[in-house]
Every structure is written in C-alpha cells, then in structure tokens.
Amino acid sequence: RARAQMRKEVEAEFLRGCITFESSGYYCLSGDARSTKATSSHKSTVSVISEQGEGGDKEIFVVRDGVQSVLTANDYDDTFPTQDVTGTQFVWQGMKGGRWQIFTGTLNASGTPDVRQVTDSRESNFNPKIDGEHIVWQGWANNNWEIFFATKRDAESPFAGEHLPPGNALVGVGPEWAVERLTTNEDHDMFPSLHGDLVTWQSREGNDWVVYAYSIGAKKLTKLSSDGVKSENPRFSI
C-alpha cells in the first residue's frame with residue numbers, strides 16, 4: 001500500500017499540468033509554458049495564465065500591469081491560454097462535457113469578460129492560437145490530429161447559418177466562424193502557430209517530424225523541412 005501511494009504521489013507530481021488520454025498516454029506542457037507576454041500600444045504589460053480558481057478547477061486569468069482579472073468562472077478546467085500580439089484577445093481550451101473545446105475571450109475597459117465557445121465537437125480540440133480575425137488549433141478527426149483554421153465572420157447577417165464550410169459541422173462551430181480544415185491525411189498534425197497570413201505546424205511523416213507552412217491568402221502549402229531532417233515546434237519571430 002505504501003509503495004502504491006508513493007507511486008501515485010510521484011505520478012501526480014510528474015503529470016502536473018498534463019492531460020491524460022484514455023488510450024494514448026499523456027500530453028504535457030509544463031506550467032502552461034506557452035502562455036506569453038505582449039506589450040500593447042499603451043505600453044502596458046499583459047499576460048494570460050491558467051490557475052486554480054475558487055471552485056477548485058483551473059480558470060483563465062488576465063494580468064495587466066500586475067493587476068489580475070478573472071476571465072472564466074465555471075465548473076470545468078480551462079488551460080493552455082494564449083493571446084494575440086495586442087494582448088486584448090485570448091484563446092484557450094476548456095474541458096466541457098468530457099471533451100476539450102476551444103474558447104475565446106476579451107476583457108472590456110472595466111474588466112468585464114466576454115467569453116465565447118468556438119468548438120462543440122464530440123472529439124477533443126487542443127493548442128489554439130489567435131491572431132486578429134483568425135484562430136488555428138489541432139482537432140481529433142479520422143483517428144489522428146488535424147489542423148483547423150477559423151476566420152471570424154458576421155454571425156448576425158441574414159442567412160449567416162447557411163452555406164457554412166464543411167469544417168464547421170465537423171468540429172461543431174456556429175456561424176460566427178468559417179472553418180477550414182488545413183490537413184486531411186493519416187499523419188498526426190500538431191502544435192500549430194499563427195501570425196498574419198501564415199500558419200505553421202509539425203507533421204509526423206514516417207519516423208520523423210517535419211514542419212509545414214500554409215499561406216492563408218494564396219491557399220498554398222509548403223514543406224519547410226528538408227528530406228531526412230527532423231523538425232519540431234515551429235514558431236514565429238516578429
């Protein structure tokens with residue numbers, strides 16, 4: 001019993017900040033390591049973090065010039081938040097209804113949060129990034145991870161819910177966004193990044209990870225990795 005308790009405690013410490021998959025191990029980013037800081041045009045320092053809230057589950061908090069504001073207040077875990085370069089728009093994943101879904105949020109001048117659920121699918125969605133009117137993330141589809149890209153649209157216009165792209169139905173996204181599935185293969189496509197007109201991610205091809213870039217405007221896919229070269233964790237340096 002002592003050995004079992006010790007193993008349980010060690011495992012709990014090792015998996016701090018990790019997500020457990022039912023049949024395929026763990027997904028870990030220590031301490032929400034991807035949370036970033038940005039400087040707005042007003043020179044204020046903004047960061048977005050995930051910490052335990054009053055209800056015991058993880059919530060999203062925005063820290064602006066040392067002042068912390070609550071962005072979420074619900075009864076499920078909200079984790080791995082990121083923000084756009086302006087520090088005004090935030091995106092994260094929340095464990096709602098037994099699956100990880102993508103959420104966006106903003107804070108107005110008085111600190112009042114405006115939170116919107118983006119995906120509502122029967123499979124999990126991870127690793128969201130936001131830039132302006134665009135969001136990118138990885139979602140589980142056809143038994144592997146695929147890359148999804150969403151563009152903000154006018155959800156209030158007449159017939160906005162009609163003629164939506166097929167990607168919307170696949171990941172349960174409403175008329176507020178137009179969803180495009182960027183990958184349709186049998187490889188794992190993961191860890192997307194987004195800036196301006198470009199989306200990057202890593203794809204598992206054979207025994208190696210390789211990096212791809214996609215131009216939103218030109219709708220052109222380019223393999224950045226040389227053949228036989230292992231490449232991972234694509235990022236933008238602006």
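Preceding this paragraph is the structure being described.
Residues numbered from 1 in each chain as written. Predicted model: local features only at pLDDT ≥ 70, side-chain atom pairs only at ≥ 80, totals over all residues. Heavy atoms only, no water.

Focus: the sheet that holds strand β18 (residues 220-223)
This is how the line gets drawn: Two strands qualify as a pair provided that DSSP identifies no fewer than 2 bridges between them. Helix and strand definitions follow DSSP, with helices as H or I runs of at least four residues and strands as E runs of at least two, each counted in order from the N terminus. Interaxial angles span 0 to 180 degrees and are taken between N-to-C directions of axes, which are lines fitted to C-alpha atoms, for helices over the stretch in contact.
Spatially, the 4 strands line up as an open sheet ordered β15-β16-β17-β18, and their pairing is antiparallel. Looking at the sheet topology across the chains shown, the edges are occupied by β15 (189-195) and β18. Averaged over all neighbouring strand pairs, the angle between strand axes comes to 25 degrees, with direction disregarded. Across 8 bridges, strand β16 (residues 198-205) lies against strand β17 (residues 208-215) in antiparallel orientation. Directly across from Thr-200, in β17, lies its bridge partner Ala-213.

Comments concerning the pattern of salt bridges
Close approach of charged atoms lets side chains of opposite charge pair. Using the following cut-off: A side-chain nitrogen of Lys or Arg and a carboxyl oxygen of Asp or Glu constitute a salt bridge if their distance falls within 4 Å. Burial status follows relative accessibility: with a 1.4 Å probe on protein chains alone, a residue under 20% of its type maximum counts as buried, one over 50% as exposed, and anything between as partly exposed.
All told, the structure shown has 8 salt bridges when counted by the stated rule. The shortest N-O distance in the salt bridge between Arg-116 and Asp-114 comes to 3.1 Å. Residue Asp-114 is classed as partly exposed on the basis of its relative accessible area, which comes to 34%. Put simply, Glu-176 and Arg-116 hold a salt bridge, and the shortest N to O gap is 3.4 Å. Placement of the pair is Glu-176 in the loop between α2 (166-171) and β14 (177-181) and Arg-116 in strand β10 (residues 113-117), with a sequence separation of 60 residues.

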